[in-house]
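# Structure at a glance
Here's the letter readout for the chains.
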Protein chains: 2
Amino acid sequence: MNELSILERRFPGRRAGLKREILEQALACFNETGIEATTIDSIRARCEASVGAIYHHFGNKEGILGALFFTVLDDQHEFFEHYLDKARSLEAFVSALVISYVDWVVQNPEWARFQFQARASVAKGPHRHALAERNARQLKGLKEKLGAVDTSGVKISAPFELLPSLIIGASENYCRAWLSGRVQTSPSDFREQLAAAAWRSLQG
Amino acid sequence: MNELSILERRFPGRRAGLKREILEQALACFNETGIEATTIDSIRARCEASVGAIYHHFGNKEGILGALFFTVLDDQHEFFEHYLDKARSLEAFVSALVISYVDWVVQNPEWARFQFQARASVAKGPHRHALAERNARQLKGLKEKLGAVDTSGVKISAPFELLPSLIIGASENYCRAWLSGRVQTSPSDFREQLAAAAWRSLQG
DNA sequence: TCTCTAACAGAATAATACTCTGTTTAGTGT
DNA sequence: ACACTAAACAGAGTATTATTCTGTTAGAGA
């Protein structure tokens, strides 16, 4: 990881400067007042752009949402890879999933907050197919990585469909609670406990 | 549980007929096209009401959302009580939490779908304080019930803040996946497995 | 029957999303 | 350096949607 922000990595170049600025301010608006309540004009005002510029780059409000959401997915995916590629055993693999997720959320709280908010909208909106395809691809990628891992000596009785939920369900839930302020302690403080709990939950 | 629908129980009486109808059609609209994309007029058209009636009962779109959301919370709470009051041991208590949650979702998929969608909006919108207060009250209620349970002979090492996530995180995640169509198998089929997994995840 | 309040209707208005036409600006080739 | 082109940008104008406002109707109680 270098020092560039997520946006600078995904939308590089000098000409995309305003585009990045729009996305950044849109993200802030969405997180501060909610997706439905933020108006195009409130975004426009914050980045001192024109509506023309916004619609030129993103087409409509859904377009802004989609650009932000898929930026999140891209960055998460890249981040997770680093952790997963080091895992040799099944337990290490599960642990890497949990810990990489927690680390990403703690390092990018604003983006994570947005992701939780926007998921439902994107899952309905015009990008739903793109999202479904991405999810499928990501699951397939996980399966492949899992195939390259040493699974001798361990027995998982839970059906495959249930595995993702058992592995990241608790962590996701806690991260959401933390981002919304319902709990105070950083998920980082519970990284290992969450990973261990996920592993125990798999033992049938 | 009787045969009355959730709405008939929460908004009883003949005079509230249109009010119930508005809520029912609003729920359908929100689930079919998403909260942001459903217009007041699309709701109005489906229940053959007037905008006047809608605004008389709910004030604004947030009002409809809030009425539906707190109806969900009320119904869930009542439903959970029945399960929890029977639990005598800690393990039974954890199991009751998981199983009551799964059962409720499977019995009320449309309401559950809505709850997932609306949570973020309500958590920002004008009812956020009412929601926060409710969450706090519910947590307090859980603690009290927990106090009445036999905890001798079991050792939970996880910090209290983490418990809710460890207990229902996986189930919630799987239910969400099921409601969105990402997985096919009904959560009901995994009730016991989810409860057992939650219990194992607590053992430190 | 009368009264009073909540329920309801729908035209009018306000707020917001989006379009369209033109202007500027950054690359690109000569 | 200069012209050319496509993308970036501006903002007035239009369309859509949320909300208000002024009434009318219907039902419960005196």
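Just so it is clear, the model here is predicted, and its values are computed rather than measured. The numbers attached to residues start from 1 for each chain and follow its sequence in the written order. Working convention: letters from A go to chains and numbers from 1 go to ligands, in the order in which they are written. Residues qualify for local features only when their pLDDT is at least 70, as the model is predicted, and side-chain atom pairs are given and counted only at 80 or more; totals for whole chains, interfaces and linings, by contrast, use all residues. Side-chain metrics in this entry use all non-hydrogen atoms of the structure; hydrogen atoms and water are not considered.

A tally of helices and strands in chain A yields ten helices and zero strands. Each helix is a run of DSSP H or I of at least 4 residues and each strand a run of E of at least 2, with the numbering of both proceeding from the N terminus. Across chain A, helices and strands are ordered from the amino to the carboxyl terminus as α-α-α-α-α-α-α-α-α-α. Taken over the C-alpha atoms alone, chain A extends approximately 60 × 35 × 35 Å along its principal axes. Only protein chains enter the area calculation, which uses a 1.4 Å probe; residues under 20% of their type maximum are buried, those over 50% are exposed, and those in between are partly exposed. In chain A, which comprises 204 residues, the share counted as buried stands at 47%. At a minimum sequence separation of 6, the contacts of chain A that also span at least 24 residues come to 71%. Across chain A, 25 positive and 24 negative side-chain charges occur, with their mean positions spaced 4 Å apart. Contacts between residues were defined by any pair of non-hydrogen atoms, one from each residue, lying within 4.5 Å. When charges are tallied, Lys and Arg are placed among the positive residues and Asp and Glu among the negative ones, while His and the ends of the chain are skipped. Positions of charges follow a simple convention, taking NZ of Lys, CZ of Arg, CG of Asp or CD of Glu.

What follows is about the interface of chain A and chain B. Each partner contributes to the interface: chain A provides 39 residues, whereas chain B provides 39 residues. Considering only the side of chain A, the residues that lose the most area to chain B are Glu36(A), Lys124(A) and Glu161(A), jointly responsible for 21% of the buried surface there. Counting residues per element, the ones that place at least two in the side of chain A that touches chain B are α2 (17-33), α7 (109-124), α9 (163-179) and α10 (191-202) of chain A. For this classification, Asp, Glu, Lys and Arg are treated as charged, while Ala, Val, Leu, Ile, Met, Phe, Trp, Tyr, Cys and Pro are nonpolar and the rest, including Gly, are polar. Among the residues making up the side of chain A that touches chain B, the classes are represented as 15 nonpolar, 14 polar and ten charged. A 1.4 Å probe defines the accessible area here, and the buried area is the portion of it lost by two parts on being joined, summed over both.

Turning our attention to the packing of helix α2 (residues 17-33) of chain B against helix α7 (residues 109-124) of chain B. Residues and elements named next belong to chain B. Running from amino to carboxyl end, α2 crosses α7 at an angle of 65°, the nearest separation of the two axes being 10 Å. Considering the relative orientation of α2 and α7, their crossing is left-handed. Taking contact as the criterion, the partners of Leu27, Phe30 and Asn31 in α2 are, on α7, Glu110, Trp111, Arg113, Phe114 and Gln117. Residue composition of the contact of α2 with α7, by class: four nonpolar, two polar and two charged. For helices, the axis comes from a line fit to the C-alpha atoms of the stretch in contact; other axes are also lines fit to C-alpha atoms, and the angle between any two N-to-C directions lies between 0 and 180 degrees. Two helices cross in a left-handed way if the nearer one is turned anticlockwise from the farther one by less than a right angle. They cross in a right-handed way if the turn is clockwise.

Glancing now at the layout of surface pockets. Using a 1 Å grid laid over the protein atoms alone, points where a 1.4 Å probe fits but cannot get out form a cavity; open sets with protein on both sides within 12 Å along at least 5 of 7 lines form a pocket; any residue with an atom within 4 Å of a point counts as lining. Grid points are joined across faces, edges and corners, and a volume is the space filled by probe spheres set on the points. Estimates place the volume of the second largest pocket at around 330 Å³. If you trace the second largest pocket, you find 22 residues lining it, with Glu36(A), Ser121(A), Ile35(B), Glu36(B) and Ser121(B) closest to the centre. Contributing elements (two or more residues each) for the lining of the second largest pocket: α7 of chain A together with α7 of chain B. Taken together, the residues of the lining of the second largest pocket sort by class into six nonpolar, ten polar and six charged.

This brings us to the protein's contact with DNA strand C. Only a single heavy atom is needed: when it lies within 4 Å of a molecule or strand, its residue is near that molecule or strand. Ile40(A), Tyr55(A), Gly52(B), His56(B) and His57(B) are the nearest of the 19 residues found near DNA strand C. The contact atoms of DNA strand C, taken as those within 4 Å of the protein, divide so that sugar and phosphate hold 76%. As used in this structure description, the phrase polar contact means that two N or O atoms lie within 3.5 Å; if the pair is within protein, one of them must be able to donate a hydrogen and the other to accept it, and residues adjacent in sequence are counted only when both atoms belong to side chains. In this structure, Tyr55(A) approaches DNA strand C through a side-chain N or O atom, which is 3.4 Å from a phosphate oxygen. Residue Lys61(A) places a main-chain N or O atom 3.1 Å away from a phosphate oxygen belonging to DNA strand C.

With that settled, consider the protein's contact with DNA strand D. Close contacts around DNA strand D come from 17 residues, with Gly52(A), His56(A), His57(A), Ile40(B) and Tyr55(B) the closest. Within the side chain of His57(A), one N or O atom sits 2.7 Å away from a phosphate oxygen of DNA strand D. Within the side chain of Tyr55(B), a nitrogen or oxygen atom sits 3.0 Å from a phosphate oxygen of DNA strand D. Elements represented by at least two residues in the surface near DNA strand D include exactly α4 (51-58) of chain A together with α4 (51-58) of chain B. In terms of residue count, α4(A) provides more of the surface near DNA strand D than any other element does, five residues in total.

Moving on, we come to empty space enclosed by the protein. On inspection of all chains with the given rule, the structure shows one cavity of 30 Å³ or more. Empty space within the largest cavity amounts to approximately 120 Å³. Contributing to the lining of the largest cavity are 16 residues, with Leu166(A), Ala170(A), Ser201(A), Leu166(B) and Ser201(B) lying nearest its centre.

This part covers the relation of the copies chain A and chain B. In this arrangement, two copies of a chain are superimposed by a rotation about an axis accompanied by a shift along the axis. Laying chain A over chain B is done by rotating through 180° and shifting 0.0 Å along the axis; what remains is an RMSD of 0.0 Å. Those values place the two copies in the arrangement expected of a two-fold rotation axis. Of the interface residues in chain A, 100% have counterparts in chain B that sit at the interface too, so the contact is made through matching surfaces. Superposition of the copies was done by least squares, using only C-alpha atoms of residues whose pLDDT is at least 70 in both.

Further remarks concern the pattern of salt bridges. One side-chain nitrogen of Lys or Arg within 4 Å of one carboxyl oxygen of Asp or Glu is enough to make a salt bridge. Enumeration according to the criterion identifies 30 salt bridges over all chains in this entry. Each of the salt bridges in this network shares a partner with another, and the network as a whole consists of Arg9(A), Arg10(A), Asp75(A) and Glu78(A).

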